[in-house]
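# Coordinate analysis (summary)
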Amino acid sequence: MNRKYTLYGLLAAASLFSSCSRIDNGLDTEDIAFMTLNITANPVAEGIERTEGLKIVLENFTEGYRIEQEMTDGVNRIEKLIPGTYSINITGNVEQDGKTFYLIGSKVNYLVVKDGESLSIDVDGASVGPLAFSELFYAGTEPFYFRNQFYEIINNSDETVYLDGLHFANLVPGAATVNLPVWPETDAGKYAYAERIWKIPGKGKDYPLAPGESFSIAQFAANHQLAQYNPKSPIDCSTSEFEFNMNNANFPDQPAADMQHVFYNGLAGKGSLPQYLTSVMGGAYVIFRIPEGDRYDPVNNKSLQTRNLATSSANLYAKIPLTYIMDAVECGQNENMITAKRVPSLLDAGMTYVGATYNSKGVRRKKSGVDSAGRPILQDTNNSSEDFERLVTPEFRHYGAGIPSWSTAK
C-alpha cells in the first residue's frame, strides 16, 4: 500500500510517551515521517582503525521494525527510520596477529524522535572462541519441573582444548529486569558479576575436547523421562558429562562428574539451597578461563566481591574480569527484555529467549558450516539475537558434534 508520510503531530506524541499516548502502532499510521540517523563507528580496540564492512542493525522491537546495512568508514546515513526506541548493534570480524576478533558496539534504548541526529558508537574487540555454548535448556517442563536444565558447550575451533579448570557462572540478576543492579563506578567496563561460580575438575589434561566435540553440564544428570521425575521431559540427561551436584538426598548423585563449586554469596560452600536452579525465564551465562599466571579467588580476595549498590542487601557477588570470558549468552523472557541486559555488549550484543516458562523449549546456536573433516562449525558473532535458533526441542549434539573419548555417553 502506498502511503503519504508527514511529520505532523507525531513527534510531539513520541517525545511525551505518556500513558495514553503511544507510538507502537506507528507502522499502521497513515501520516508518519521517516527519519534519518547519522552513525559513526569509533573503534577503540587496540590496533584496529577501520570499520568498513561491519554490519549495523537497528531494531524497534515494539514495532517489529528492523533495518540492516553494511557500514562504510566515516558517517553512515541510516534512512527510513520510524520514530521510536531502538536497539542499535554494530558487529563484524577482523583478523589481527593470526587471531579472529569480533568488533562489537551497541546502543540500547536509543530514542529516535529528531530527524538528522548524529550518533557515535564505540566499537571494541573480543577474541573468538574456542569454546562456545551450543545449546541451552532452562525453561523446564510442565507442570513446574525444572530439574532437566542443561548447558551444552562445543569446541568451535580447529585445535584440542582441555576443559580442566574451565569455569561456568550465571550472572546477576538471575532473571532479566529493568531494575538493574548498580555496581561500583571504579569497575566500569572491567567485570561481569556472578551469583554462583562452578568449575570443571581435573589436573590439567584429564578432559580433552577435540575440534567439533561437545559436552553438557546438567543440573541433575538423570533420565528425567522416568516416572519418578517427569515423563513429559523432552530430554534424558543421564548422558551428560558433568553435573551441578548439590548433595540433595532426594536427587542423588549421578555417574556424571561433579562440577567443583567455587563461589556463592562470598563463600566457597554451596549454601542451603536444594538445587542449582537458574531462572526458568532465562539467565545470563558465561564460561571463562583464568589466564596462566593469574590467581582468581573471589572468596578470599575481597576486591573480587561486591554488593548490588542499588539495594541494602548484604548478598555478595563475584567479579569476573571480562578478559577471562570465553563465551557469554544472554537469555530473557522475550525480545523486549533486551532493554534489561546483564551481559556487556562486547561479549553479547543481543538476547535470545523461548517466550514462556515450562514449555520444554530451548535455544540452539545456528550452524554456519562444516570444516574439512565434516565437523560442525557454529555461528558465533557475539550476538545471541542473531546466533541462536529459538523454541527448539532440546537435543544433545543436534548437529552431530563428536563425543569426547572420556565421556560416559559413548
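Residues numbered from 1 in each chain as written. Predicted model: local features only at pLDDT ≥ 70, side-chain atom pairs only at ≥ 80, totals over all residues. Heavy atoms only, no water.

Now for the overall build of the chain. Helix and strand content of the chain: two helices and 26 strands. Looking at the chain as a whole, 50% of its 410 residues are labelled buried. Once local pairs closer than 6 in sequence are excluded, the contacts in the chain between residues at least 24 apart make up 70%. As displayed, the chain has an accessible area near 18500 Å², and 48% of this comes from carbon and sulfur atoms. (Helix = DSSP H or I, 4+ residues; strand = E, 2+ residues; numbered from the N terminus. Buried < 20%, exposed > 50% of the residue type's maximum accessible area, 1.4 Å probe, protein only. Contact = heavy atoms within 4.5 Å. Areas by Shrake-Rupley, 256 points an atom, 1.4 Å probe, with all protein chains shown as cover.)

Okay, the pattern of salt bridges next. Counted under the stated rule, the structure contains 15 salt bridges. The partner of Arg-364 in a salt bridge is Glu-135, and the shortest N-O contact between them spans 2.8 Å. Of the two residues, Arg-364 sits in strand 23 (residues 362–365) while Glu-135 sits in strand 8 (residues 131–137), which places them 229 residues apart along the sequence. Accessibility classification places Arg-364 together with Glu-135 in one group, the buried group. (Salt bridge = Lys/Arg side-chain N within 4 Å of Asp/Glu carboxyl O.)

In this structure, Pro-143 follows Glu-142 across a cis peptide bond, with omega equal to -10°. Here Pro-143 is to be found in the loop between strand 8 and strand 9 (150–155). Cis geometry marks the peptide bond from Val-172 to Pro-173; its omega dihedral reads -5°. Assignment of secondary structure puts Pro-173 in the loop between strand 11 (167–171) and strand 12 (191–199). The residue Asn-265 is not glycine, and still its phi comes out positive at about 50°. You can see Asn-265 is positioned in the loop between strand 17 (260–264) and strand 18 (284–288). Using a relative accessible area of 32% as the deciding quantity, one classes Asn-265 as partly exposed. Positive phi outside glycine occurs at Arg-397, with the angle close to 50°. Tracing the backbone through its elements, the reader meets Arg-397 in the segment after strand 26 (388–392).

Attention now goes to the nonpolar core. Across soluble globular proteins, nonpolar side chains have a tendency to be buried as a group. Core analysis: the largest hydrophobic core is formed by 30 residues, its most contacted members being Leu-131, Phe-133, Leu-136, Phe-168 and Phe-215. Those elements that place two or more of their residues in this core are strand 8, strand 9, strand 14 (214–218), strand 18 and strand 21 (325–332). The residues contacting Leu-131, other than those within four sequence positions of it, are Ile-153, Ile-154, Asn-155, Val-161, Leu-163, Leu-166, Leu-209, Ile-287, Met-326 and Asp-327. Core analysis: the next-biggest nonpolar cluster, separate from the first, contains 24 residues, Tyr-65, Ile-78, Leu-81 and Tyr-110 among them. (Core = buried A, V, L, I, M, F, W, Y, C linked by side-chain atoms within 4.5 Å.)

As a further point, take the sheet that holds strand 8. What the seven strands build is an open sheet, ordered 16-15-14-9-8-23-26; its pairing is mixed. Of all the strands in the sheet, just strand 16 (257–258) and strand 26 have a single pairing partner and so form its edges. Two elements, strand 9 and strand 14, share five bridges in a ladder whose sense is antiparallel. When the bridges of strand 14 are listed, Tyr-151 appears paired with Ile-217. (Pairing = 2+ DSSP bridges.)

For the coordinates displayed, the defined rule picks out 24 aromatic pairs. Among the aromatic residues, those joined into a ring-pair cluster are Phe-133, Tyr-151, Phe-168, Trp-198, Phe-244, Tyr-276 and Tyr-285. Over the aromatic face of Phe-251 sits the side chain of Arg-147, whose NZ or CZ is 3.5 Å from the ring centroid. (Phe/Tyr/Trp six-rings, centres within 6.5 Å; stacked < 30°, edge-to-face > 60°. Lys NZ or Arg CZ within 6 Å of the ring centre and 35° of its normal.)

Another point: the environment of Tyr-317. Checked against the element boundaries, Tyr-317 lands in strand 20 (residues 317–321). Residue class for Tyr-317 comes out buried when judged on its relative accessible area of 14%. When the C-alpha atoms of Tyr-317 and Thr-306 are compared, they prove to be 5.4 Å apart, with eleven residues separating the residues in sequence. Not counting residues within four places of it along the chain, the set of residues in contact with Tyr-317 comprises Val-172, Trp-183, Ala-194, Glu-195, Phe-263, Leu-304, Gln-305, Thr-306, Arg-307 and Asn-308.

Now for the confidence of the model for the chain. Averaged over all residues, the pLDDT of the chain equals 88, while 89% of them reach at least 70. Low pLDDT, under 50, characterises residues 1–27; the stretch is placed with 43 contacts to residues that sit more than four places away or in other chains. (pLDDT = per-residue confidence, 0-100.)

What follows covers the side chain of Thr-306. The topology assignment puts Thr-306 in strand 19 (residues 305–306). With a relative accessible area of 8%, Thr-306 lands in the buried category. The contacts of Thr-306, once residues within four sequence positions are left out, are Trp-183, Pro-184, Tyr-193, Asn-315, Leu-316, Tyr-317 and Lys-319.

So, about the environment of Gly-402. Here Gly-402 lies in the segment after strand 26. As for Gly-402 and Ser-214, which are separated by 188 residues in sequence, their C-alpha atoms are 6.2 Å apart. Setting aside anything within four residues of it in sequence, one finds Gly-402 in contact with Gly-212, Glu-213, Ser-214 and Arg-397.

Now for the pairing of strand 2 (residues 55–60). Counted residue by residue, strand 2 has five buried out of six residues, so it is predominantly covered. Hairpin connection of strand 2 to strand 3 (residues 65–70): four residues between the antiparallel strands, including Gly-64 at a positive phi of 70°.

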